Amino acid sequence: MASTIGHTAKVLRTSYQKSVAAYWDSEQAPVNLRLGEVDGLYHHHYGGPESTRDRRVIEELHRLETAQAEVLLDHLGSITAQYQLLDAGSGRGGTSFMAHQRFGCAVDGVTISEHQVGFANSQAGERGVADQVRFHFRNMLDTGLDTGSRRAVWTNETTMYVDLTELFGEFSRLLEYGGRYVCITGCYNDITGGRSKAVSRIDEHYTCNIHPRSTYFKALAANGLVPINVVDLTAQTIPYWELRAQSSVATGIEDPFLTAYTAYKEGSFHYLLIAADRT
Ligand code: GPP
Ligand code: MG
């Protein structure tokens, strides 16, 4: 039916109805249009019950943790299958398995948790890589591995448990000339001063001792490890912590991380990647 002034007046009976129609006539909200573009169904209502939300949040957190380890591996340089690598503070083994999968080379992981050694070695068995990826109940300050045997060594959030000069001394011994050390860590900001309350809460939660940023570079330099790349990952990790804070697996440490990382709150803490070459 053609729209005429008379017809419009019949449909829109009151000035209230005219104002409602005017609202929808000019409505262009991305929350309706962008969502509609997903599959061509345009809704004008809110979301309903969703029993899979938590599962999808957990999958997303896992995806972000895997992406973090990929960033670490991206900085190891060109690694070929004949090299040997070390994961220092290997936990349940995630980064070690990813490294083996990517480079095809042997990886040793060391951890002072016997439980983690057992867990990771049984994972290696299940994955059929137990001859290539091995986990040992050893101290990363004194690995017992051969001098110069490693092309690359990494620590993925483990350096806050040890003295850095001692640790980098051991890595310097293990790395061949030109070998690469990659560290992802949380460190406190020398510029804002000492340990903030939020950083102290993180220390207490994990029984660790977060170092200042400066200590990393002093200890690297003291051990012939020369930085080639330093990447501030702080801004990139905040969405992970925001999502984790709203998830069913939150542990309570999320708020201290967000407070410490966020510049407008504290900016007392950085999430840093450091890659350094053995000279
Ligand atoms: C995460 O391990 C890392 C640490 C315990 C070291 C502290 C890290 C800093 C950046 C300060 P996890 O995955 O076991 O921790 P969570 O149980 O909280 O996920
Ligand atoms: Mg975790």
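Residues numbered from 1 in each chain as written. Chains lettered and ligands numbered in written order. Predicted model: local features only at pLDDT ≥ 70, side-chain atom pairs only at ≥ 80, totals over all residues. Heavy atoms only, no water.

Draft legend 1. Just the side chain of Asn 223, in detail. Inspection of the secondary structure puts Asn 223 in the loop between α9 (213-222) and β6 (225-232). Among residues more than four places away in sequence, those in contact with Asn 223 are Thr 165, Phe 168, Gly 169 and Ser 172. (Helix = DSSP H or I, 4+ residues; strand = E, 2+ residues; numbered from the N terminus. Contact = heavy atoms within 4.5 Å.)

Draft legend 2. Region of interest: the site of ligand 1. Neighbouring residues of ligand 1: Glu 157, Met 160, Tyr 161, Gly 186, Ile 202, Tyr 206, Ile 210, Arg 244 and Phe 269. Contacts to ligand 1 include Arg 244, whose side-chain N or O atom sits 2.7 Å from an oxygen atom. If ligand 1 stood free it would expose 510 Å²; the protein chains cover 70% of that surface. (Near = heavy atom within 4 Å. Polar contact = N/O pair within 3.5 Å; in protein donor to acceptor, adjacent residues only side chain to side chain. Areas by Shrake-Rupley, 256 points an atom, 1.4 Å probe, with all protein chains shown as cover.)

Draft legend 3. Molecular detail of the pairing of strand β1 (residues 84-88). Summarising burial for β1: 4 of the 5 residues are buried, a large majority. Each parallel crossover has a hand, and for β1 linked through helix α5 (residues 94-103) to strand β2 (residues 106-111) it is right-handed. Pairing of β1 with strand β4 (residues 150-156) involves 3 bridges; the strand directions are parallel. Within β4, the residue paired with Leu 86 across the bridge is Val 153. (Buried < 20%, exposed > 50% of the residue type's maximum accessible area, 1.4 Å probe, protein only. Right-handed = clockwise from strand over helix to strand, strands pointing away. Pairing = 2+ DSSP bridges.)

Draft legend 4. Seen up close, the sheet that holds strand β5 (residues 175-188). Strand order in the open sheet formed by 7 strands is β3-β2-β1-β4-β5-β7-β6, with mixed pairing between adjacent strands. In the strand order of this sheet, the two ends are held by β3 (133-137) and β6, each with one partner. Adjacent strand axes in the sheet meet at a mean angle of 20 degrees, parallel and antiparallel pairs treated alike. The pairing of β2 with β3 spans 5 bridges and is classified as parallel. Bridged to Val 110 within β3 is His 136. Across the sheet, helix α4 (residues 53-74) is in contact with β4, β5 and β7 (269-278); its angle to β4 comes to roughly 145 degrees. (Axes fitted to C-alpha atoms, helices over the stretch in contact; angles between N-to-C directions.)

Draft legend 5. Summary view of the nonpolar core. One finds Leu 76, Leu 85, Phe 103, Trp 154, Ile 210 and Phe 269 to be the most contacted residues of the largest nonpolar core, which totals 44 residues. Here this core takes 5 residues from α4, the largest share from any one element. When residues no more than four places from it in sequence are discounted, the contact partners of Leu 76 are Phe 103, Ala 152, Val 153, Trp 154, Arg 180 and Val 182. By size, the runner-up hydrophobic cluster in this structure holds 23 residues, among which are Ala 88, Val 153, Cys 187 and Leu 220. (Core = buried A, V, L, I, M, F, W, Y, C linked by side-chain atoms within 4.5 Å.)

Draft legend 6. Representation of the pattern of salt bridges within the structure. One pass over the structure, following the stated rule, counts 10 salt bridges. With a shortest N-O distance of 2.8 Å, Glu 60 and Arg 63 are connected by a salt bridge. With Glu 60 and Arg 63 both in helix α4 and 3 residues apart, this pair spans about one turn of that helix. Relative accessible area serves as the criterion here: at 47%, Arg 63 is assigned to the partly exposed category. Salt-bridge contacts for Arg 173 lead to Glu 170; the nearest nitrogen and oxygen are separated by 2.9 Å. Taken together, the residues span about one helical turn, with Arg 173 and Glu 170 both in helix α7 (residues 164-174) at a distance of 3 residues. Here Arg 173 falls in the partly exposed class, since its relative accessible area comes to 28%. Here the salt bridges do not stand alone but share partners, grouping Glu 70, Asp 74 and Arg 102 into one network. (Salt bridge = Lys/Arg side-chain N within 4 Å of Asp/Glu carboxyl O.)

Draft legend 7. Focus on α5. Along α5, 7 of the 10 residues are buried, which leaves the element largely enclosed by surrounding structure. Of the residues making up α5, those classed as buried are Thr 95, Ser 96, Phe 97, Met 98, Ala 99, His 100 and Phe 103. Looking at the buried side of α5, the elements it contacts are α4, β1, β2, α6 (114-126), β3 and β4.

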